[in-house]
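Architecture and fold: a report
As a plain string of letters, each chain reads:
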There are 2 protein chains.
Amino acid sequence: MTLEQFQTEIGVKFTNVELLKQAFTHRSYINEAANKQLQHNERLEFLGDAVLELVVTDYLYHNFTNPEGELTNWRSSIVRGEILSQVALQLSMGDMLMLSKGEEKSGGRNRNLILANTFEAVIGAMYLDQGYETANKFIHTYLITLLPDIIANKTYIDPKSHLQELSQDRLNATPEYRVLKEVGPDHDKVFTIGVYAKNNKIAEGTGPSKQKAEQNAAAAALAEWTK
Amino acid sequence: MTLEQFQTEIGVKFTNVELLKQAFTHRSYINEAANKQLQHNERLEFLGDAVLELVVTDYLYHNFTNPEGELTNWRSSIVRGEILSQVALQLSMGDMLMLSKGEEKSGGRNRNLILANTFEAVIGAMYLDQGYETANKFIHTYLITLLPDIIANKTYIDPKSHLQELSQDRLNATPEYRVLKEVGPDHDKVFTIGVYAKNNKIAEGTGPSKQKAEQNAAAAALAEWTK
């Protein structure tokens, strides 16, 4: 897939193709490049990530009446690296990536994190070159269409339930939560809770209630386990 | 300050004032309210948070050439609860808040977290009622104008440096970082690092490099200390 073909595929013709090229330029490539004017894609990724966040948030707000907590879970499920890199792969984004030889050798072209970041950088470039509406449409077409599947597969479930399932599968054990610390006055407490599997601490979380601190601890444990 | 006065003050006249009212409705108020049609502000906050994130990100991208990591730090500094609640106080947002009697008694009207969430909910309501551009202008006027001060006060500094300063001030000790775990193949490692003050573990962080894991551990420690 070339940049030209990619633009045809997604139905977006860039005014400034250099921006799109930059979106496909990994940090490692810059170090080896002779052209010192080249810029890598991390600033575009920073921008694209925020565009993506608003597009998905706006969609969820307008299409579901669920409470904020559920919408937050669904949003995290859809914008997580694993999903973004799948979409990037499906769009053959790896083909256009510019990487150092070292990254190339170690399989960087297909690495999830690099692909997910590239996907966000492409969104950033599109937003700059074509505006919010074009980025909005692109995100709808390639990402938001996956939401029904994600909901059906229950990947949106809350961290505690998710960890519970994973812990059963992996260790045949139920996670336990223990309060490690409780600080502050009654109306403004902060709880620190540890989550344990078979008496080994996996992670900790803090929050203004035990329930919130447990969810945060579970999320931290999931981050450990699924990284 | 009434809703009417507030709209005059910020120079934004809502078409649907019910949205603005909802932005000022705390969850606790709903439980006591006779009118079961009322909705609290958490969904609006969910939306406003994402609008705020994009406005600030777009501003930083266009006005600074710094690397993404620095922009991310600046962004966190400006959208953090402490700053948002300051702006909410300055706009007398507490006056218009609808709270339960219990929350009211325990000082909820001036609590940082409630005020910061209300500020985000007002942005969400404004975005729905008036569109992105109006929210953009509002955020520029009341929040982004604070950025030079924030940068001058170095509240943007990276988590490790910030923790180092805090730890010196509070404990007269330098934080220490210890690698607790290293998993995965060479090109895809995940490090877990603990940060300690006077041999007590404050928090842990994970990341694809030791440096990143240390920053994450420091950020987690700051979250503990400054909550």
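Residues numbered from 1 in each chain as written. Chains lettered and ligands numbered in written order. Predicted model: local features only at pLDDT ≥ 70, side-chain atom pairs only at ≥ 80, totals over all residues. Heavy atoms only, no water.

Observations regarding the overall build of chain A
Note the following rule: Elements are defined by DSSP. Helices are runs of H or I of four residues or more, strands are runs of E of two residues or more, and each kind is numbered from the N terminus. We call a residue buried when its accessible area falls under 20% of the maximum for its residue type, exposed when it is over 50%, and partly exposed in between, using a 1.4 Å probe and counting protein chains only. Contacts: residue pairs with any heavy atoms within 4.5 Å of one another. All accessible-area figures derive from a Shrake-Rupley calculation using a 1.4 Å probe, and residue coverage is judged against the displayed protein chains alone. We treat Lys and Arg as the positive residues and Asp and Glu as the negative residues; His and chain ends play no part in the count. Here the site of a charge means NZ on Lys, CZ on Arg, CG on Asp, or CD on Glu.
The number of helices and strands found in chain A is 13 helices and three strands. Projected onto the principal axes, the alpha-carbon positions of chain A cover approximately 55 × 40 × 35 Å. Across the 227 residues of chain A, 49% fall into the buried class. A sequence separation of at least 24 residues applies to 52% of the contacts in chain A between residues at least 6 apart. Looking at chain A as shown, the accessible area adds up to about 10,900 Å², and 48% of this sits on carbon and sulfur atoms. Counting 23 positive and 29 negative side-chain charges, chain A places the averaged centre of each group 6 Å from the other.

So, the relation of the copies chain A and chain B
Filter applied, for reference: Copies are brought into register by a least-squares superposition over C-alpha atoms of residues with pLDDT of at least 70 in both.
It takes a turn of 180 degrees to lay chain A on chain B, together with a shift of 0.0 Å along the axis; the resulting RMSD is 0.1 Å. Between the two chains, the operation in question is that of a two-fold axis.

Observations regarding the interface of chain A and chain B
Just so we agree on the cut-off: When two components associate, each loses some accessible surface as probed by a 1.4 Å sphere; the sum of these losses over both components is called the buried area. The salt bridge definition used is simple: a Lys or Arg side-chain nitrogen within 4 Å of an Asp or Glu carboxyl oxygen. Think of a polar contact as two N or O atoms within 3.5 Å of one another; within protein, one of them needs to be a possible hydrogen donor and the other a possible acceptor, and neighboring residues in sequence only count if both atoms come from side chains.
On the side of chain B, 38 residues touch chain A, which itself brings 38 residues to the contact. Summing both partners gives a buried area of about 3,500 Å² for chain A against chain B, and 59% of it is carried by carbon and sulfur. Summed over the three residues of chain A that lose the most area to chain B, namely Arg 43, Phe 46 and Tyr 61 of chain A, the buried surface amounts to 25% of that side. At the boundary of chain A with chain B, the tally comes to two salt bridges. Close ionic contact of Lys 181 of chain B with Glu 224 of chain A constitutes a salt bridge, the shortest N to O distance being 3.0 Å. Scanning the region where chain A abuts chain B turns up ten residue pairs in polar contact (both at pLDDT 80 or more). Taken together, the elements giving at least two residues each to the side of chain A that touches chain B come down to α4 (42-63), α5 (68-79), α9 (112-130), β2 (190-197) and β3 (200-207) of chain A. It is α4 of chain A that provides the largest number of residues to the side of chain A that touches chain B, a total of 15 residues.

Considerations on α4 of chain A
Our working definition: In this scheme, a helix's expected span is set at 1.5 Å multiplied by one less than its residue total.
The end-to-end C-alpha separation of α4 of chain A is 31 Å, in line with the 32 Å expected for 22 residues at 1.5 Å each. In terms of residue burial, α4 of chain A counts as a mostly covered element, since 18 of its 22 residues are buried.

Considerations on the packing of helix α4 (residues 42-63) of chain B against helix α10 (residues 132-142) of chain B
Think of two packed helices as two axes; the pair is described by the angle between the axes and how far apart they sit. Residue and element names in this part refer to chain B. Heads up, the rule is: Note on definitions: angles span 0 to 180 degrees between N-to-C directions of axes, and those axes are lines fitted to C-alpha atoms, for helices only across the stretch in contact. Should an angle fall under 35 degrees it is taken as roughly parallel, and over 145 as roughly antiparallel, whereas 65 to 115 is taken as roughly perpendicular and any remaining angle as oblique. Two helices crossing with the near one rotated counterclockwise from the far one by less than a right angle form a left-handed crossing, whereas a clockwise rotation gives a right-handed crossing. Polar here means any residue other than Ala, Val, Leu, Ile, Met, Phe, Trp, Tyr, Cys and Pro, which are nonpolar, and Asp, Glu, Lys and Arg, which are charged; Gly is therefore polar.
Between α4 and α10, the least distance of the axes is 10 Å, while the angle of their chain directions is 70 degrees. When the axes of α4 and α10 are compared, the pair comes out roughly perpendicular. Like other packed secondary-structure pairs, α4 and α10 cross with a definite hand, here right-handed. For the pair formed by α4 and α10, the contact residues are Val 51, Leu 52, Leu 54, Val 55, Val 56 and Tyr 59 on the first element and Tyr 132, Ala 135, Asn 136, Ile 139 and His 140 on the second. Split by residue class, the contact of α4 with α10 holds nine nonpolar, two polar and no charged.

Describing the pairing of strand β2 (residues 190-197) of chain B
Residue and element names in this part refer to chain B. Inclusion rule: Criterion used throughout: strands pair if DSSP finds at least two bridges between them.
Taken across its eight residues, β2 has eight buried, putting it largely inside the fold. Side chains Val 190, Thr 192, Gly 194 and Tyr 196 project from β2 onto one buried face, and the interleaved Phe 191, Ile 193, Val 195 and Ala 197 project onto a second face that is buried too. Taken together, the seven bridges between strand β1 (residues 176-183) and β2 define a ladder with antiparallel strand orientation. Residue pairing in the sheet places Glu 182 in a bridge with Phe 191 of β2. Where β1 folds back on β2, the antiparallel hairpin that results is connected by six residues, among which Gly 184 adopts a positive phi of roughly 95 degrees.

Some thoughts on the confidence of the model for chain A
All names here are of chain A. Selection rule: Per residue, pLDDT captures the predictor's confidence, and it can take any value from 0 to 100.
When pLDDT is averaged along chain A, the result is 90, and 97% of the positions lie at 70 or above. Ranking the helices and strands of chain A by mean pLDDT puts helix α10 (residues 132-142) first, with 98, and helix α12 (residues 159-171) last, with 80. At the level of chain-chain contacts, confidence expressed as ipTM amounts to 0.73, with global pTM at 0.74.

Let's talk about the pattern of salt bridges
In the structure shown here, the tally under the stated rule is 24 salt bridges over all chains. Arg 109 of chain A is the salt-bridge partner of Glu 104 of chain A, the closest N and O atoms lying 2.5 Å from each other. You can call Glu 104 of chain A partly exposed: its relative accessible area is 33%. The exposure class assigned to Arg 109 of chain A is partly exposed, which follows from its relative accessible area of 21%. Ionic pairing is found between Arg 27 of chain B and Glu 42 of chain B, a salt bridge with its closest N-O pair at 2.8 Å. In this pair, Arg 27 of chain B is assigned in helix α3 (residues 27-32) and Glu 42 of chain B in helix α4, connecting sequence segments 15 residues apart.

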